[in-house]
Amino acid sequence: MIVLDGVSFRYGEDGPDVLRGVDLRLREGEYVALAGHNGCGKSTLLKHLNALLVPTEGTVTVDGLDTRDSSLQRGIRRAVGMVFQNPDHQIVGMTVEEDVAFGPGNLALPPREVRECVREALARVGLEGYESRAPHTLSGGEKRLVSIAGVLAMKPRFIALDEPTAYLDPVSRRRVLDLIVGLHRQGMGILHVTHSIGNIVDADRLVVMERGSIALDDRPEAACAALASGRFPGLEAPPVATLMAELKSLGWGVNPNVLSIREACREIDACLARRPGERP
Ligand SMILES: Nc1ncnc2c1ncn2[C@@H]1O[C@H](COP(=O)(O)OP(=O)(O)O)[C@@H](O)[C@H]1O
Ligand SMILES: [Mg+2]
């Protein structure tokens, strides 16, 4: 559904290439996680998905629509919702209702329909009854959920989230991650930029960027095994993947491509069963 083809991007005429020849395909209903060091171009790539930025070279198409065509950008932005890194920058209303209504209000829908969109979007993020709250009185996690509700109120088919769990406490983080997984189960396509690889075990694919290029694009298990092997210094694999890579390097015949503790236990158990009474 979203296709990046040979995308390069510079912020200024003679600035450096921030994106370099990026090829990426995000299929309908797919959940893709995107990781990489600070400054590698993740946020820049994200902004290409709904025409906030357009490529200097190459093309981005959403359902076949070229993001460079300004007459198509309205439709593209309806299809692809964007949750920015800092929720404070996305809050525009005096109340939660006003805030979440901002997008659908701009679509010239009748007020009753807008209210219905808002009610439904707040219910989807678990904030029923928050309509009249002032955004600045909310916790960081609630603000984040409101900004996601504001995007959902537009009923996009695809949602791009830029580090949606950054600076959240563990309970709020869990809430946001569960929400993302729930949206994916309902068929929404997702691009989730994250610093913490541990957050992405439910994704269909993990993409790792390095200096504006895609360095890895694989299923999470295989991608985490690659991280655990130390291929990308500074990007930490989930502890289970690191444990399995370590066992493998010690000569254990385990499959390192597992991400859950349960699967890891099974692998170790099977390995011990093959060599009873002997430590590999
Ligand atoms: N508005 C901008 N103008 C000029 N350079 C920018 C701008 N935004 C980001 N950059 C530069 O582009 C590079 C990639 O930034 P960004 O996409 O924000 O990376 P990430 O999200 O992976 O941390 C960085 O070197 C950053 O300094
Ligand atoms: Mg960023």
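As the structure is a prediction and not an experimental result, all values here were calculated from the model.

### Concerning the overall build of the protein
Helices and strands together make up the secondary structure of the protein, namely ten helices and ten strands. Its C-alpha atoms give the protein a radius of gyration of 21 Å, near enough to 19 Å, the size a compact globule of 280 residues would have. Expressed as lengths along the three principal axes of its C-alpha atoms, the size of the protein is roughly 75 × 50 × 30 Å. Contacts in the protein between residues far apart in sequence, at least 24 positions, make up 60% of those at least 6 positions apart. In the structure as shown, the protein presents an accessible area of about 13,600 Å², 51% of it carried by carbon and sulfur atoms. Here the protein holds 33 positive side-chain charges and 37 negative ones, and the gap between their average locations is 2 Å.

### Here we look at the sheet that holds strand E3 (residues 31-36)
Strands sit in the order E6-E7-E8-E3-E9-E10 across an open sheet of six strands; the sheet is mixed. One side of each edge strand has no neighbouring strand; the edge strands of this open sheet are strand E6 (80-83) and strand E10 (213-218). The average undirected angle you get between the axes of adjacent strands in this sheet is 20 degrees. Sheet analysis places E3 next to strand E8 (residues 189-193), joined by four bridges and oriented parallel. Paired with Val 32 across the bridge in E8 is Leu 191. Contacting E6 and strand E7 (158-162), helix H6 (residues 140-152) runs over the sheet at an angle of about 165 degrees to E6. Where helix H7 (residues 170-185) meets the sheet, its contacts fall on E3, E7 and E8, and the angle it forms with E8 comes to roughly 155 degrees.

### Comments concerning the nonpolar core
Grouped together as the largest cluster of nonpolar side chains are 48 residues, with contacts concentrated most on Val 100, Ile 148, Ile 159 and Leu 206. The biggest single contributor to this core is H6, with six residues. Two domains each put at least three residues into this core: domain 1 (2-237) and domain 2 (238-280). Once residues within four sequence positions are removed from consideration, Val 100 is found in contact with Val 118, Ala 121, Leu 122, Val 146, Ala 149, Gly 150 and Ala 153. Leu 46, Val 62, Val 80 and Met 209 belong to the second-largest nonpolar core, a separate cluster that totals 28 residues.

### Some words on the packing of aromatic side chains
Within the structure shown, the criterion is met by one aromatic pair. Where Phe 9 meets Tyr 11, the ring centres are 4.8 Å apart and the plane angle is 85 degrees; that geometry is what we call edge-to-face.

### Points about the domain arrangement of the protein
As far as domains go, the protein holds domain 1 (2-237) and domain 2 (238-280). Opposite the eleven residues of domain 1 that make contact, domain 2 presents nine residues. Summed over both partners, the interface of domain 1 with domain 2 buries about 730 Å², with 75% contributed by carbon and sulfur atoms. A per-residue breakdown of the area domain 1 buries against domain 2 is headed by Glu 221, Ala 228 and Ala 237, which together make up 54% of the total. Connecting domain 1 to domain 2 are zero salt bridges. A per-class count over the side of domain 1 that touches domain 2 returns eight nonpolar, one polar and two charged.

### Some details on the packing of helix H9 (residues 239-249) against helix H10 (residues 261-274)
It is the contact of H9 with H10, at a shortest axis distance of 10 Å, that shows an interaxial angle of 15 degrees. Considering the angle they form, H9 stands roughly parallel to H10. Crossing of H9 against H10: the hand is left-handed. For the pair H9 and H10, contact is made by Val 240, Met 244 and Leu 247 and by Ile 261, Ala 264, Glu 267 and Ile 268, respectively. A class-by-class count of the residues in the contact of H9 with H10 yields six nonpolar, no polar and one charged.

### Quick notes on the pairing of E10
As paired strands, strand E9 (residues 205-210) and E10 are joined by five bridges and run antiparallel to one another. Note that in E10 the partner of Glu 210 across the bridge is Ser 213. Here E9 folds back onto E10 in antiparallel fashion, the turn holding two residues, of which Arg 211 has a positive phi close to 45 degrees.

### Points about the site of ligand 1
By nearness alone, every residue bordering ligand 1 is listed as Tyr 11, Val 18, His 37, Asn 38, Gly 39, Cys 40, Gly 41, Lys 42, Ser 43 and Thr 44. In this structure, Gly 39 approaches ligand 1 through a main-chain N or O atom, which is 2.7 Å from an oxygen atom. A distance of 2.8 Å is found between an oxygen atom of ligand 1 and a side-chain nitrogen or oxygen belonging to Lys 42. When ligand 1 is considered free in solution it has 560 Å² of accessible area, and contact with the protein chains removes 54% of it. Here the shell around ligand 1 takes three residues from helix H1 (residues 42-48), the largest share from any one element. Looking at the shell around ligand 1 residue by residue, the classes come out as three nonpolar, six polar and one charged.

The rules behind each value
- Residues numbered from 1 in each chain as written.
- Chains lettered and ligands numbered in written order.
- Predicted model: local features only at pLDDT ≥ 70, side-chain atom pairs only at ≥ 80, totals over all residues.
- Heavy atoms only, no water.
- Helix = DSSP H or I, 4+ residues; strand = E, 2+ residues; numbered from the N terminus.
- Rg over C-alpha atoms; globule rule 2.2 N^0.38 Å.
- Contact = heavy atoms within 4.5 Å.
- Areas by Shrake-Rupley, 256 points an atom, 1.4 Å probe, with all protein chains shown as cover.
- Lys, Arg positive; Asp, Glu negative; His and termini not counted.
- Charge placed at Lys NZ, Arg CZ, Asp CG, Glu CD.
- Pairing = 2+ DSSP bridges.
- Axes fitted to C-alpha atoms, helices over the stretch in contact; angles between N-to-C directions.
- Core = buried A, V, L, I, M, F, W, Y, C linked by side-chain atoms within 4.5 Å.
- Buried < 20%, exposed > 50% of the residue type's maximum accessible area, 1.4 Å probe, protein only.
- Domains from an automatic or database assignment.
- Phe/Tyr/Trp six-rings, centres within 6.5 Å; stacked < 30°, edge-to-face > 60°.
- Buried area = accessible area lost by both parts, 1.4 Å probe.
- Salt bridge = Lys/Arg side-chain N within 4 Å of Asp/Glu carboxyl O.
- Nonpolar A, V, L, I, M, F, W, Y, C, P; charged D, E, K, R; others polar.
- Parallel < 35°, antiparallel > 145°, perpendicular 65-115°, else oblique.
- Left-handed = near helix turned anticlockwise from the far one by under 90°.
- Near = heavy atom within 4 Å.
- Polar contact = N/O pair within 3.5 Å; in protein donor to acceptor, adjacent residues only side chain to side chain.

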